[in-house]
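Report on the structure
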Amino acid sequence: MNAVQFASRDKKLALVQVPTPVISHPREVLVKVAYSGVCGTDLHIISGNFPCNPLPLTLGHEFSATVVDFGSEVTHLTRGDRVVVDPNSGCHKCGFCHSGRPHFCTTGGFYANLGVKNHGGWAQFCLCSVEQVHKLPKEISLRVAALAEPLSCLAHRWGLISPVPVGANILVAGAGIIGTLWVCLLHLHGHRRVTLTEINPSRRLLLKELMDDTGFQLKTPQDVQNSGANFDLIIDCTGHGPAIESALKLLDRGGKICIFGVAPPGAKIEVSPFEVYMKELTILSVKVNPFAFPKAVALVQALSEKYLDYEKLGVKVFELEDFPRAVELLKTGNITKAIFQISE
């Protein structure tokens, strides 16, 4: 089968021919990948700023698929079922897993971190565990379902930052796909005082229709800094240290900041403890998506193509063979997200 693999030794991404995986365990599921997304984390991996398996690795941890085969202990799936796959899995034995926090598991299971530790979805087929496979309602297309994994991370964090009172003044920093999905989620929940910032003029132009639909403001970071506005909630989707430092200064008294974007491991920010004290600030973060995939599927269903329209979101679809162009356009910010259409 075709796969796009990354070799960390020489930081090289290549289209290769590899054997199609086969079922070898009674709880395994083999899926045929339909749509597979390129994430900001993938860009960090490719640039050498995010750790991954040092062996040649098939990237891709956001994908929709159909079930091809499964082991003898899998009883609730049938061949041809349309599914999404949670790329994460714990060991199911440690204290973190047994306290409901498998995303802190230090070892992970055999199928943990698909696309980072184990082979993922930038390929025609992928092998995973039955616990990772979630069936789709018939009204959700495989195309839209490719956004389930990023939405699962939003669902995890939404539960932790809630309640967010309607009428709160909210800033979303960074208009990549995560920032645009936050815009959609906030609008769905009735929020109307939302500002999205983006430094790249191409992306601002790309998202005009989405912003017109929601009525939200789309500004440059500098415009927001100069406005003198304060915010009750800031969601940072940049993972950029200076942007996070600037955002902290924009929080109103009692405000919250959610650090959602993934920063390089060596990045640092400077925080004033006195300001945190005086304003009673809350600083939150997010690490993947524990137990959030059923919520993500529900979110995909609720948002539907009214919000999850690829064109409005700035998403572009590519063939797997066109991976160099997909990665380059995402790096330059000319699109918010690249998604490979591998089958349908």
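Summarised in this report is the structure supplied together with it. (Residues numbered from 1 in each chain as written. Predicted model: local features only at pLDDT ≥ 70, side-chain atom pairs only at ≥ 80, totals over all residues. Heavy atoms only, no water.)

1. Quick look at the sheet that holds strand 12 (residues 231-236)
Across a sheet, strands are paired by hydrogen bonds formed along the backbone, either parallel or antiparallel in direction. What the 6 strands build is an open sheet, ordered 11-10-9-12-13-14; its pairing is parallel. Whereas interior strands pair on both sides, the edge strands pair on one side only; in this sheet they are strand 11 (217-219) and strand 14 (282-285). Within the sheet, the average angular offset between the axes of one strand and its neighbour, ignoring direction, is 20°. Lying over the sheet, helix 4 (residues 148-161) contacts strand 12, strand 13 (251-259) and strand 14, oriented at roughly 160° with respect to strand 14. In the packing of helix 9 (residues 241-249) onto the sheet, the strands contacted are strand 12, strand 13 and strand 14, and the crossing angle to strand 13 comes to about 155°. (Pairing = 2+ DSSP bridges. Helix = DSSP H or I, 4+ residues; strand = E, 2+ residues; numbered from the N terminus. Axes fitted to C-alpha atoms, helices over the stretch in contact; angles between N-to-C directions. Contact = heavy atoms within 4.5 Å.)

2. What about helix 4?
Over its 14 residues, helix 4 extends 20 Å from the first C-alpha to the last, a length consistent with the 20 Å expected when each residue adds 1.5 Å. With 12 of its 14 residues buried, helix 4 lies for the most part within the structure. Along helix 4, the residues that are buried comprise Ala 148, Glu 149, Pro 150, Leu 151, Ser 152, Cys 153, Leu 154, Ala 155, His 156, Arg 157, Trp 158 and Ile 161. (Expected span 1.5 Å × (residues − 1). Buried < 20%, exposed > 50% of the residue type's maximum accessible area, 1.4 Å probe, protein only.)

3. Overview of the packing of helix 4 against helix 11 (residues 293-307)
The interhelical angle for the contact between helix 4 and helix 11, taken along N-to-C directions, is 110°, at an axis separation of 8 Å. Overall, the two elements helix 4 and helix 11 adopt an arrangement that is roughly perpendicular. Each of Ala 148, Glu 149, Leu 151, Ser 152 and Ala 155 in helix 4 lies in contact with helix 11, whose residues at this interface are Phe 293, Lys 295, Ala 296, Leu 299, Val 300 and Leu 303. Classifying every residue of the contact of helix 4 with helix 11 by side-chain character gives 8 nonpolar, 1 polar and 2 charged. (Parallel < 35°, antiparallel > 145°, perpendicular 65-115°, else oblique. Nonpolar A, V, L, I, M, F, W, Y, C, P; charged D, E, K, R; others polar.)

4. Quick word on the side chain of Arg 203
By the element assignment, Arg 203 lies in helix 6 (residues 201-206). Despite its burial, Arg 203 remains without a salt bridge, the nearest opposite charge being carried by Glu 198 at 4.1 Å. At 3.0 Å, the side chain of Arg 203 forms a polar contact with the backbone oxygen of Ile 335. Setting aside residues up to four positions removed in sequence, Arg 203 forms contacts with Ala 175, Gly 176, Glu 198, Leu 330, Gly 333, Ile 335 and Thr 336. (Lys, Arg positive; Asp, Glu negative; His and termini not counted. Salt bridge = Lys/Arg side-chain N within 4 Å of Asp/Glu carboxyl O. Polar contact = N/O pair within 3.5 Å; in protein donor to acceptor, adjacent residues only side chain to side chain.)

5. Notes on the packing of aromatic side chains
The way to describe two aromatic rings as a pair is by their centre distance and the angle between their planes. Evaluation of the coordinates by the stated rule reveals 5 aromatic pairs. With a centroid separation of 6.3 Å and an interplanar angle of 45°, the aromatic rings of Trp 158 and Trp 182 are classed as tilted. One end of the pair, Trp 158, is in helix 4; the other, Trp 182, is in helix 5 (residues 177-188), and 24 residues separate them in sequence. In this pair, the class of Trp 158 matches that of Trp 182, namely buried. Ring geometry for Trp 182 against Phe 260: centres 5.8 Å apart, planes inclined by 90°, an arrangement best described as edge-to-face. In this pair, Trp 182 sits in helix 5 while Phe 260 sits in the loop between strand 13 and helix 10 (273-279), placing the two residues 78 residues apart along the sequence. Using a relative accessible area of 7% as the deciding quantity, one classes Phe 260 as buried. (Phe/Tyr/Trp six-rings, centres within 6.5 Å; stacked < 30°, edge-to-face > 60°.)

6. Quick notes on the nonpolar core
Counting residues in each nonpolar core, the largest one holds 55 residues, and the members touching the most others are Leu 151, Trp 182, Leu 308 and Leu 313. In this structure, Trp 182 is in contact with Leu 154, Arg 157, Trp 158, Ile 161, Val 172, Ile 235, Cys 237 and Phe 260, ignoring residues within four places of it in sequence. Of all hydrophobic cores here, the second largest spans 39 residues; its members include Ala 65, Ala 326, Leu 329 and Ile 335. (Core = buried A, V, L, I, M, F, W, Y, C linked by side-chain atoms within 4.5 Å.)

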